[in-house]
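Structural description and commentary
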Amino acid sequence: MDIFSKIAAGEIPSYKCAENDKYYAFLDINPLAKGHTLVIPRREVDYFFDLDDTEIAEMTVFAKKVAHAIKKAFPCRKVGMAVLGLEVAHAHIHLVPMQSEGDMNFANPKLKLKDKEFEEIARKIRENLE
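Residues numbered from 1 in each chain as written. Predicted model: local features only at pLDDT ≥ 70, side-chain atom pairs only at ≥ 80, totals over all residues. Heavy atoms only, no water.

**Quick word on helix α3 (residues 115–127)**
Between its first and last C-alpha atoms α3 spans 18 Å; for 13 residues at 1.5 Å apiece the expected length is 18 Å, and the two agree. Buried within α3 are the following residues: F118, I121, A122 and I125. Taken down its axis, α3 places every buried residue within 95° of arc, on the same side. Seen from the buried face of α3, the exposed residues on the opposite side, beyond 90 degrees, are K116 and E127. On its buried face, α3 is in contact with β1 (16–19), β2 (23–27), β3 (37–41) and α2 (53–73). (Helix = DSSP H or I, 4+ residues; strand = E, 2+ residues; numbered from the N terminus. Expected span 1.5 Å × (residues − 1). Buried < 20%, exposed > 50% of the residue type's maximum accessible area, 1.4 Å probe, protein only. Arc of directions from axis to C-beta. Contact = heavy atoms within 4.5 Å.)

**Thoughts on the pairing of β3**
Within β3, five of the five residues are buried, leaving the element largely enclosed by the surrounding structure. Here β3 shows no split at all, with T37, V39 and P41 on one side and L38 and I40 on the other all buried. Sheet topology note: the β2/β3 ladder contains five bridges and is antiparallel. When the bridges of β3 are listed, L27 appears paired with T37. (Pairing = 2+ DSSP bridges.)

**Comments concerning the nonpolar core**
Within the largest apolar cluster, 30 residues are counted, with the highest numbers of intra-cluster contacts made by L27, V39, L95 and I125. The set of elements that each furnish at least two residues to this core consists of β1, β2, α2, β5 (93–98) and α3. The element best represented in this core is α2, accounting for nine residues. Every residue in contact with L95, bar those within four places of it in the chain, is listed here: G35, H36, T37, V39, A63, V66, A67, I70, V79, G80 and M81. Of all hydrophobic cores here, the second largest spans eight residues; its members include F4, I7, F26 and I40. (Core = buried A, V, L, I, M, F, W, Y, C linked by side-chain atoms within 4.5 Å.)

Distances and angles like these do not, on their own, reveal function.
Shown next, in the form of structure tokens:
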């Protein structure tokens, strides 16, 4: 079982933002911005484009709901979406609140947040889910 599967199973703590039986969303612990969230399938798949078409569609719709909650919780121009997937061998989507496209540069310095800040951010996102 990979690290993201362990997170989704509750074996490793995370700052949960949303979940259903197929997908799980939690805060990135090295965020580019407050509200930076990862969306993963519960099924272990390394490469996003190895998911079947239905899974990609469902995961994107799930991510859309999370993105709307992020935008309400952390007002921004848009919530950017990126699929990178080299750092962890488990398909995932990054959702990042942004004011400009430069906010999606993963080489930017990451925020250093305390546990209470992460908890508050996740709570705000959960409260804004529809």
